[in-house]
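# Coordinate analysis (summary)
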Amino acid sequence: MPTRSVPAEIRKAIHARRPKSPVASVPKVVHLPKRFLDGPAPNLEQREIDFKEEGLTEYAGHWAVVLDGVLTEEECDQIVALAEASADGKWERAMVNVGGGQQMLYEDTRKCGRIIWDNHELAKRLWKRVEQAPAVSKIQRLEKWASVTGYGPWKRDEVWKMTRLNERLRLLKYTGGEYFKVHQDGIYETVDKKERSYFTLHLYLNNAEGKNGEESLKGGATTFDSHNMHRRIEVVPKVGRVLLFQQRGLLHSGDDVISGTKLTMRTDIMFAKED
Ligand SMILES: O=C(O)CCC(=O)C(=O)O
């Protein structure tokens, strides 16, 4: 069953192009309503995470920012409805890439539902909201920033410029007992090797208080973990909240959801080398 019913205006914006012989895993093409995410972030606030100050000294100088009020609750509900429409309402189990285009189910490392939704337009409009935050100007151009790019680009005096949000949007849905165990995000490189990701974006799509009689969410924070796993910084899910962080060197996890449902959307921030 879909998590949310699809409002009429969104149903109208959905153009389903079905394959000649329907295959369950072929996503539908879903267009965004014309004015969706038009205009500025409704209530933008930013908080930079100071890893040293907050007790994760091994990550001193690493970059992570929490942005609140990037989207309204209604906009988040619409994203969920549109993504579900693209997948015929089906949340598949989240799999792990094992190379050679193969995926495996490893529920000891991640256990949750997933919809992969490729949508350039949503990625573009979401980034327009996110880049309004002053802190984000720092990651538009990466120069001599070895903790983010590694020492290769640093030694070669390379400058990497932000190009776009990856259109591959991964929606994750966690219910009772589900989790994403500790890991570090991999740097994604495009096939032509012209672009690579250096930062991750998480958008939280629901609040802890359950709506319409749904059970409220307990647990499920995105947590930065110390190397020995004894210290942590938690980012609690909140509708319309965005968490941005560097991919290199930052251990993190999605804490167990004890009750209720947690919905997030994750993608990569892409960069290309300046000539
Ligand atoms: O859902 C979360 O809080 C974390 C998920 C995560 O780390 C990931 O998608 O790589």
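The structure displayed is predicted, hence computed values, not measured ones. For every chain, the first residue of the written sequence is number 1, and numbering continues from 1 onward in sequence order. Side-chain atom pairs in this predicted model are given and counted only at pLDDT of 80 or more, local residue features only at pLDDT of at least 70, and totals for whole chains, interfaces and linings cover all residues.

Further remarks concern the overall build of the chain. When you go through the chain residue by residue, the secondary structure sums to 5 helices and 19 strands. The size measure is the radius of gyration over C-alpha atoms, and the globule rule it meets is 2.2 Å times the number of residues to the 0.38 power. Rg of the C-alpha trace for the chain: 19 Å, near the compact-globule value of 19 Å for 275 residues, within the 12% margin. In terms of its C-alpha atoms, the chain occupies a principal-axis envelope of roughly 50 × 45 × 40 Å. A pair of residues counts as a contact when their C-beta atoms, built from backbone coordinates, are separated by no more than 7 Å. Of all intrachain contacts in the chain linking residues separated by at least 6 positions in sequence, the fraction that spans at least 24 positions is 77%. Secondary structure elements follow DSSP: runs of H or I no shorter than four residues count as helices, runs of E no shorter than two count as strands, and numbering proceeds from the N terminus.

What follows concerns helix α3 (residues 120-130). As a rule, residues whose C-beta atom has 12 or fewer other C-beta atoms within 10 Å are exposed, those with 20 or more are buried, and those in between are partly exposed; C-beta atoms are placed from the backbone. Considered for burial, the residues of α3 that qualify are Leu122, Ala123, Leu126, Arg129 and Val130. Down the axis of α3, the buried side of the element spans an arc of 120 degrees, and every buried residue falls inside it. Comment: arc refers to directions from the helix axis out to C-beta atoms.

Before going further, it helps to spend a moment on the site of the ligand. In this analysis a residue is considered near a molecule or strand if the C-beta atom, reconstructed from its backbone, is found within 6 Å of that molecule or strand. The environment of the ligand is made up of Leu172, Phe180, Asp185, Thr222, His252, Gly254, Thr264 and Arg266. Listing elements by their share of the shell around the ligand, those giving two or more residues are β17 (252-254) and β19 (262-273). Counted by class, the shell around the ligand contains 2 nonpolar, 4 polar and 2 charged residues. Put simply, Ala, Val, Leu, Ile, Met, Phe, Trp, Tyr, Cys and Pro go in the nonpolar bin, Asp, Glu, Lys and Arg in the charged bin, and everything else, Gly too, in the polar bin.

With that settled, the discussion passes to the environment of Pro42. Within the secondary structure, Pro42 is located in the loop between α1 (8-13) and β1 (45-48). For the pair Pro42 and Asp68, spaced 26 residues apart in sequence, the C-alpha to C-alpha distance is 9.4 Å. Sequence-distant contacts of Pro42, that is, excluding residues within four places in its chain, are made with Gly69 and Thr72.

Pairing between strands requires that DSSP locate at least two bridges from one strand to the other. Pairing between strand β4 (residues 96-99) and strand β5 (residues 102-104): 3 bridges, direction antiparallel. Looking at the pairing, Val96 lines up with Met104 of β5. Linking β4 to β5, which pair antiparallel, is a turn of 2 residues; within it Gly100 sits at a positive phi near 60 degrees.

So, about the UniProt feature "domain: Prolyl 4-hydroxylase alpha subunit" (unreviewed entry) in the chain. UniProt positions are given in the numbering used here, feature names are shortened, and annotations may be inferred rather than shown by experiment. UniProt's feature table lists "domain: Prolyl 4-hydroxylase alpha subunit" (unreviewed entry) at residues 62-270, given in the numbering used throughout. Across residues 62-270 one finds 16% helix and 40% strand; the C-alpha atoms that close the span lie 18 Å apart.

Here we take up the sheet that holds strand β6 (residues 110-111). One open sheet holds the 5 strands; their spatial order is β6-β11-β17-β14-β15, and the pairing between them is antiparallel. The open sheet has two edge strands with one neighbour each: β6 and β15 (232-235). Pairing analysis gives 2 bridges linking β6 to strand β11 (residues 179-183), with the strands arranged antiparallel. The residue bridging Lys111 from the neighbouring strand is Tyr179, located in β11.

Moving on: unusual backbone geometry. Its identity as a non-glycine residue notwithstanding, Asp157 has a phi of 55 degrees, on the positive side. Within the element layout of this structure, Asp157 appears in the loop between α5 (151-155) and β9 (159-165). Notably, Asn212 is not glycine yet its phi reads approximately 50 degrees, a positive angle. Position of Asn212 relative to the elements: it lies in the loop between β12 (195-204) and β13 (218-219). Judged by the 5 C-beta atoms lying within 10 Å of it, Asn212 is exposed.

A separate point is helix α2 (residues 73-86). If you check α2, its first and last C-alpha atoms are 20 Å apart, about what 14 residues at 1.5 Å a residue would give, namely 20 Å. For α2, the tally of buried residues reaches 11 of 14 residues, placing the bulk of the element in the interior. For α2, the full list of buried residues reads Cys76, Asp77, Gln78, Ile79, Val80, Ala81, Leu82, Ala83, Glu84, Ala85 and Ser86. Directly beyond the C-terminal end of α2, a positive phi value near 55 degrees is found at Asp88. One less than the residue count of a helix, multiplied by 1.5 Å, gives the span that helix is expected to have.

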